[in-house]
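One letter stands for each residue in the lines below.
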2 protein chains.
Amino acid sequence: MSADPAVRREIPDATVARLPEYLRSLSRLAEQGVLSVSSEELSAAVGVRSAQLRKDLSHLGSYGVRGVGYEVDTLAFEISRALGLTQDWPVAIVGMGNLGHALASYSGFVTKGFRIVALFDDDPALRGETVAGVAIQPFRELRSRHGADPIAIGVIATPAAAAQTVCDELVEVGVRSILNFAPAVLSVPEDVDVRRVDLSTELQILAFHAQQKALAGLQPVGAAHALDGCVAHAADPEAVAT
Amino acid sequence: MSADPAVRREIPDATVARLPEYLRSLSRLAEQGVLSVSSEELSAAVGVRSAQLRKDLSHLGSYGVRGVGYEVDTLAFEISRALGLTQDWPVAIVGMGNLGHALASYSGFVTKGFRIVALFDDDPALRGETVAGVAIQPFRELRSRHGADPIAIGVIATPAAAAQTVCDELVEVGVRSILNFAPAVLSVPEDVDVRRVDLSTELQILAFHAQQKALAGLQPVGAAHALDGCVAHAADPEAVAT
DNA sequence: CTCACTTTGTGCATAGGTTCACAAACGTCT
DNA sequence: AGACGTTTGTGAACCTATGCACAAAGTGAG
């Protein structure tokens, strides 16, 4: 059954994660009036190897022309289609604190296929407020709102303590794609897709690499002064002796 | 030189990316007064396999006791140390729009090792405003501010158009770790570490998987009604015929 | 002390991802 | 028309990551 050619050919996760970058670069090229691009040029703009780009694109089909390159418009459309951006995705944001406000007014939301249909927050202070043309409602309105215009993607921007409850309710009304900004691991049925974005995790990964650079003094050339001001005190000289 | 045992043993990137999750779960356990935890319990809380957890932890050293498990405090400290959280990381945020405000007041920042030392924005309307106890300054103050209290990590929360310029200036004053929220690929010297967090990319990845689920009707059991309200209209029936 | 039981740490097999290198396919120029 | 230079698409090799399964190392009871 998985060999059935009628089922869309499988695209590796690593490739899917890069497609949005390709699409963004292509959109910029299109704005600049560029009609055609080679894998070498596009990969340089995105910061990957050209072979990787070609292999990634080969998973979508053969949309390049040998000896020439890729037509910008065509490729952008095909990536959009593969990602599912040619259809409309109704999005709801739960939790309208600082982050929720930032997300709701983020322009990246509206650009491609995503449409904010509902904003939820139980804080009475936010009652009646409108962000980006959408009114903030109490979360208990989820069911009625959902019936009117089904939510495809739920964004959780609440404190960690509320995240699981909110998630359960979203799943209950049929939302199967969730983007979670709360620092909590959500448990969901296996047919629900959760992606987590965590600021603190990213910072910690940066800190790790910064420490590695500081421990082994492996700055290439002429970068010694940069290290100076960056990490002044060596961390735990006993580490070597265990 | 890389075989020198004095240099901290190499930890795979995939492992580093999971360490913050382990640390978060351990912190919660510590708050609950739990003293000891097995790889089975901890891995369940984080959502990975127990073998994966054990292998990840083995990269840090042998901090478990066979037949017993891991002491929560000890393990939390060792992970913190491996990640570099036992030292202090001065952070600056550039761009104090909605997102910048959200980041500055995000509690995850202060919890572990990270300390906001400067907020920058050139918008005159923000002049004099204070967020989380730190005053917003014009970006040109970067150099003087940096001299006083060196910045280790720079967070870019500006529009995409300004990101590269801001990045160049940060690198110029010696910042070698950058967290970029702008939808732009930054070019930096190779000794500078950039991590990008992009909302729109995450949404697009979710959209892809949602579309996949809709195309192949592969909901496991009894989940048919959930699909109902989620994605109503089939996408592009011609795709099969190509 | 010995035995039974638990849980870690790790060697090994498998799966997934990246890079190389080159044949196949296209446009162009003569 | 044919030769030439360019660029794609992909097989194969390499590298990284995951999952299994078990020996090693500990605890506790008898």
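Residues numbered from 1 in each chain as written. Chains lettered and ligands numbered in written order. Predicted model: local features only at pLDDT ≥ 70, side-chain atom pairs only at ≥ 80, totals over all residues. Heavy atoms only, no water.

1. With respect to the overall build of chain A
Each helix and strand counted, chain A has ten helices and ten strands in total. Counting only residues that meet the buried cut, chain A has 50% of its 242 residues in that class. Here the analysis covers contacts within chain A between residues at least 6 apart in sequence; of these, 55% occur between residues at least 24 apart. For chain A, the accessible area works out to roughly 11800 Å², and carbon and sulfur atoms hold 54% of it. (Helix = DSSP H or I, 4+ residues; strand = E, 2+ residues; numbered from the N terminus. Buried < 20%, exposed > 50% of the residue type's maximum accessible area, 1.4 Å probe, protein only. Contact = heavy atoms within 4.5 Å. Areas by Shrake-Rupley, 256 points an atom, 1.4 Å probe, with all protein chains shown as cover.)

2. A short note on the sheet that holds strand 1 (residues 36-37) of chain A
Residue and element names in this part refer to chain A. Pairing is antiparallel across the open sheet formed by three strands, whose spatial order is 1-3-2. Each edge of the open sheet is held by one strand with a lone partner, namely strand 1 and strand 2 (64-65). The pairing of strand 2 with strand 3 (residues 69-71) spans two bridges and is classified as antiparallel. Each residue of the ladder has a partner; that of Val65, found in strand 3, is Gly69. (Pairing = 2+ DSSP bridges.)

3. Remarks on the UniProt feature "binding site: NAD(+)" (unreviewed entry) in chain A
Residues and elements named next belong to chain A. Listed under "binding site: NAD(+)" (unreviewed entry) in the UniProt record, and renumbered for this structure, are Gly95, Met96, Gly97, Asn98, Leu99 and Gly100. You can see Gly95 is positioned in the loop between strand 4 (89-94) and helix 5 (98-104). For Met96, the location among the structural elements is in the loop between strand 4 and helix 5. Accessibility expressed as a relative area gives 1% for Met96, which makes it buried. Those residues in contact with Met96, other than ones at most four positions away along the chain, are His101, Ala104, Leu119, Phe120, Asp121, Leu126, Val131 and Ile136. (UniProt positions renumbered as here; feature names shortened; annotations may be inferred.)

4. Comments concerning the protein's contact with DNA strand D
What surrounds DNA strand D is a group of 25 residues, the closest being Ser39(A), Tyr70(A), Arg18(B), Lys55(B) and Arg66(B). Counting only the atoms of DNA strand D that lie within 4 Å of the protein, the sugar and phosphate share comes to 64%. The contact in question runs from a phosphate oxygen of DNA strand D to an N or O atom on the side chain of Ser39(A), over 2.6 Å. Between DNA strand D and the protein, one listed contact pairs a base nitrogen with a side-chain N or O atom of Arg54(A) at 2.9 Å. Contributions of two or more residues to the surface near DNA strand D are made by helix 3 (50-58), strand 2 and strand 3 of chain A together with helix 1 (13-31) and helix 3 (50-58) of chain B. Broken down by element, the surface near DNA strand D gets its largest block of residues, four residues, from helix 3 of chain B. (Near = heavy atom within 4 Å. Polar contact = N/O pair within 3.5 Å; in protein donor to acceptor, adjacent residues only side chain to side chain.)

5. Topic: the environment of Gly47(B)
All names here are of chain B. Tracing the backbone shows Gly47 in the loop between helix 2 (39-46) and helix 3. According to the relative accessible area criterion, Gly47 is exposed, its value standing at 58%. Through-space distance from the C-alpha of Gly47 to that of Glu21 is 9.5 Å; in sequence the pair is 26 residues apart.

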